[in-house]
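Here are the chains, one letter per residue:
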Amino acid sequence: MIAAMTPEFTGRMPRLAAFTLACLLGACAKSPLQAVAGSGDAAFARLEQAIIRDSNVRDPSSATDLGFHEFDDQLADVSAAGMQAGLAAVSGFRTQLEAFDPATLTPGRALDRRLLLGAMKSAELSIGTIRMWQKDPDFYSSGVTRAAFVLMKRPFAAADVRLRALIAREKKMPAMLEAARSNLRTPVTIYTQIAIEQIDGNINLLSRDLPAAFSAVQDAALLAEFRQTNAAVVAALVEYKSYLRKILLPASKPEFAFGTETWSKAFSAQEGVDLPVDKLLQIAQADLERNEAALLALARKIDPKQTADQILREMEENHPQARDLLTTTQTTLDAIRQYIVDHHILTIPDGESAHVQETPPFLRSTTSASMDTPGPFEQTPLRSFYYMSLPDAHASAADTADFMRQWYYALTSNVSVHEVYPGHYLQHLYARQFPSDARRVFSANSNVEGWAHY
């Protein structure tokens, strides 16, 4: 299952094996000018840092998540002018990277050049062609919520320090929601529906969870200012909810497909794969058929008198109660970790075990499980969260039972292997050891999810 990292944060989430990714992108070919390899490393390092800094300035929430805390009091400029400025910036960086002779770089830096080049091309397509900022209203409402959440969820600094940064961000949040009204020119029905599904969770996090998270702050003047700014953001979200329902949803259109040409360009930029779409579909179909055949063969071994669907249905009935899901999963995680250690499967670096926690409300509609790890640039040890979605507290007994069928015991173990041990959480533990900042900041989903699946 894919972690709650949304399209607007293209190229984020550093993960393991960036070297393998860059080789897939074609950077492992021999340079024809080995004699000068390394002469351009210093200039490339300056360009790398300029790219990362610009990315942090334009996406301060992700900067906070990565551990770059000089941007904690900033909020992304999502105005049309701000988006166009971002497009111009990544286009400029792409031009510089393309002009950079890889033969002047040491092998590792040549790999980083290819990684950054793919990230810049992907960002160009995301901002300039795909344009989710003109289609997806959740880009704004969950963007506001995430900007607050990343300051709330981990104590990377004292509570009063984080609260001051939060107040500075909150002062800019109503303008961010107002920008949505002029930017959302081609809203898509499914995106608008998701935004509506999540908006109450967004409001609750701001109105209930955020004040509770900073309740230990003693500065009365600071708390009074926070109450004022927070109330203004909550009011803006309530108004945005009405806008979504009454104005944007009726204006939304069902078409959401990028089209073959745009999808192919995006896939090439993000994953370094240039195969024709029909060839990719052929590969995927063959893989699906192999897996289906293996599933049917296994079902016959389990019970030849039942279909695979019937066997799966029986398995789905064997699940914990909703109230026990988080504690049951924590116990499962601890057992998986111990199994890896006892059987010497791999070395787990020092670090606190992942903590199972309910999925934040602004992620519920798009994820059932995900891993949220501290950024590789954090200077102090911080907790990692393994999020699991619980049924709606107001759901009927029948709906709750139906929801919990997805968390049958076998699947809970499988998802935990993917998300935590030896999946995404282990990737995080190794991220600090990556040999370059580029690899700590940028990646590709084929690398991220490829590690966790295979």
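Predicted model, so just to flag it, every value in this text is computed and none were measured.

Asker: Explain the pairing of strand β3 (residues 385–388) here, please?
Answerer: Taken residue by residue, a regular strand's side chains alternate between the two faces of the sheet. The two faces of β3 match: Phe385 and Tyr387 on one face and Tyr386 and Met388 on the other face are all buried. As defined by bridge partners, strand β1 (residues 355–358) adjoins β3 across four bridges and the pair is classed as parallel. Pairing of Val356 across the sheet is with Tyr386, part of β3. Examined bridge by bridge, strand β2 (residues 369–372) and β3 share four bridges and lie antiparallel to one another.

Asker: Help me understand the pattern of salt bridges, please; the structure alone is not making it clear to me.
Answerer: Pairing is possible between side chains that carry opposite charge, provided their charged atoms lie close to one another. Here the structure, examined in full by the defined rule, presents 24 salt bridges. With a shortest N-O distance of 2.9 Å, Glu98 and Arg94 are connected by a salt bridge. One end of the pair is Glu98 and the other is Arg94, both in helix α4 (residues 80–99) and four residues apart, which spans about a single turn. With relative accessibility at 39%, the residue Glu98 sits in the partly exposed group. Across the pair Arg290 and Asp287 runs a salt bridge whose closest N-O atoms are separated by 3.4 Å. With a gap of three residues between them, Arg290 and Asp287 both fall in helix α12 (residues 277–302), about one helical turn apart. Asp287 sits in the partly exposed class, given a relative accessible area of 34%. By sharing partners, the salt bridges in this structure join Asp65, Arg146, Lys153, Arg154 and Asp372 into a single network.

Asker: Sorry if this is basic, but what is going on with the sheet that holds β2 here?
Answerer: Here three strands make up an open sheet; going across it, the order is β1-β3-β2 and the pairing mixed. With partners counted over all chains shown, the strands left at the sheet margins are β1 and β2, one partner each. Across the sheet, the axes of successive neighbouring strands diverge by a mean angle of 30°, strand direction being ignored.

Asker: Can you walk me through the packing of aromatic side chains in this structure?
Answerer: Here the distance between the centres and the angle between the planes together describe a pair of aromatic rings. For the structure shown, the criterion picks out nine aromatic pairs. When the centroid spacing of 4.8 Å and the interplanar angle of 15° are considered together, the rings of Trp263 and Phe267 count as stacked. Of this pair, Trp263 and Phe267 both sit in helix α11 (residues 260–271), separated by four residues, roughly a single helical turn. By relative accessible area, Trp263 is classed as partly exposed at 37%. Taking NZ or CZ as reference, Arg181 lies 4.6 Å from the ring centre of Tyr243, over its face.

Asker: Can you help me understand unusual backbone geometry in this one?
Answerer: Peptide bonds are, in most cases, trans, and in most cases residues other than glycine have a negative phi. The omega torsion across Tyr421 and Pro422 is 0°, close enough to zero to call that bond cis. Relative to the elements of secondary structure, Pro422 occurs in the loop between α16 (409–419) and α17 (424–431). A positive phi angle, close to 55°, is found at His344, a residue other than glycine. Relative to the helices and strands, His344 is located in the loop between α14 (325–342) and β1. Look at His344 and you get exposed, because its relative accessible area is 69%.

Asker: Looking at this structure, how should I read a nonpolar patch on the surface?
Answerer: Together, Phe258, Trp263 and Val277 make up an exposed nonpolar region whose accessible area comes to about 240 Å². Looking at the secondary structure, you find Val277 in helix α12. Using a relative accessible area of 31% as the deciding quantity, one classes Val277 as partly exposed.

Asker: Which parts of the structure should I look at to understand helix α10 (residues 220–251)?
Answerer: Counting along an α-helix, one turn takes 3.6 residues, and residues three or four places apart therefore face a common direction. Taking 1.5 Å per residue, 32 residues should reach 46 Å; α10 reaches 45 Å between its end C-alpha atoms and fits that length. Of all the bends in α10, the greatest, near 40°, is centred on Leu244. Of the residues that open α10, the one with a side-chain oxygen 3.1 Å from the backbone nitrogen of Ala221 is Asp219.

Asker: Help me understand the packing of α4 against helix α5 (residues 107–130), please; the structure alone is not making it clear to me.
Answerer: Working note: a packed helix pair is described by the angle between its axes plus the distance between those axes. With their axes 9 Å apart at the nearest point, α4 and α5 run at an angle of 150° to one another. The orientation of α4 relative to α5 falls into the category roughly antiparallel. For the crossing formed where α4 meets α5, the hand is left-handed. Residues Met83, Gly86, Leu87, Val90, Ser91, Phe93, Arg94, Leu97 and Glu98 of α4 form the contact with α5, whose participating residues are Arg113, Leu116, Leu117, Met120, Lys121, Ala123, Glu124, Ile127 and Gly128.

Asker: Would you mind going over the confidence of the model for the protein chain with me for this structure?
Answerer: Detailed reading of the predicted model is not advised wherever pLDDT is low. With 92% of its residues at a pLDDT of at least 70, the protein chain reaches an overall mean of 90. Across residues 1–35, confidence stays below pLDDT 50; counting only partners more than four residues off in sequence or on other chains, it has 91 contacts.

Asker: Would you explain the nonpolar core in this entry?
Answerer: Across soluble globular proteins, nonpolar side chains show a tendency to be buried alongside one another. Ranked by size, the top nonpolar core spans 75 residues in total, and within it Tyr140, Leu163, Tyr240 and Phe442 carry the most contacts. Among the elements that take part in this core, α10 stands out by supplying eleven residues, more than any other. Leu333, Ile348, Ala369 and Leu390 belong to the second largest nonpolar core, which has 20 residues in total.

Conventions we followed
- Residues numbered from 1 in each chain as written.
- Predicted model: local features only at pLDDT ≥ 70, side-chain atom pairs only at ≥ 80, totals over all residues.
- Heavy atoms only, no water.
- Buried < 20%, exposed > 50% of the residue type's maximum accessible area, 1.4 Å probe, protein only.
- Helix = DSSP H or I, 4+ residues; strand = E, 2+ residues; numbered from the N terminus.
- Pairing = 2+ DSSP bridges.
- Salt bridge = Lys/Arg side-chain N within 4 Å of Asp/Glu carboxyl O.
- Axes fitted to C-alpha atoms, helices over the stretch in contact; angles between N-to-C directions.
- Phe/Tyr/Trp six-rings, centres within 6.5 Å; stacked < 30°, edge-to-face > 60°.
- Lys NZ or Arg CZ within 6 Å of the ring centre and 35° of its normal.
- Patch = residues over 30% accessible without salt bridge, like charges linked within 9 Å, V, L, I, M, F, W, Y side chains within 5 Å.
- Areas by Shrake-Rupley, 256 points an atom, 1.4 Å probe, with all protein chains shown as cover.
- Expected span 1.5 Å × (residues − 1).
- Bend = angle between axes of the 7 residues up to and from the residue.
- Polar contact = N/O pair within 3.5 Å; in protein donor to acceptor, adjacent residues only side chain to side chain.
- Parallel < 35°, antiparallel > 145°, perpendicular 65-115°, else oblique.
- Left-handed = near helix turned anticlockwise from the far one by under 90°.
- Contact = heavy atoms within 4.5 Å.
- pLDDT = per-residue confidence, 0-100.
- Core = buried A, V, L, I, M, F, W, Y, C linked by side-chain atoms within 4.5 Å.

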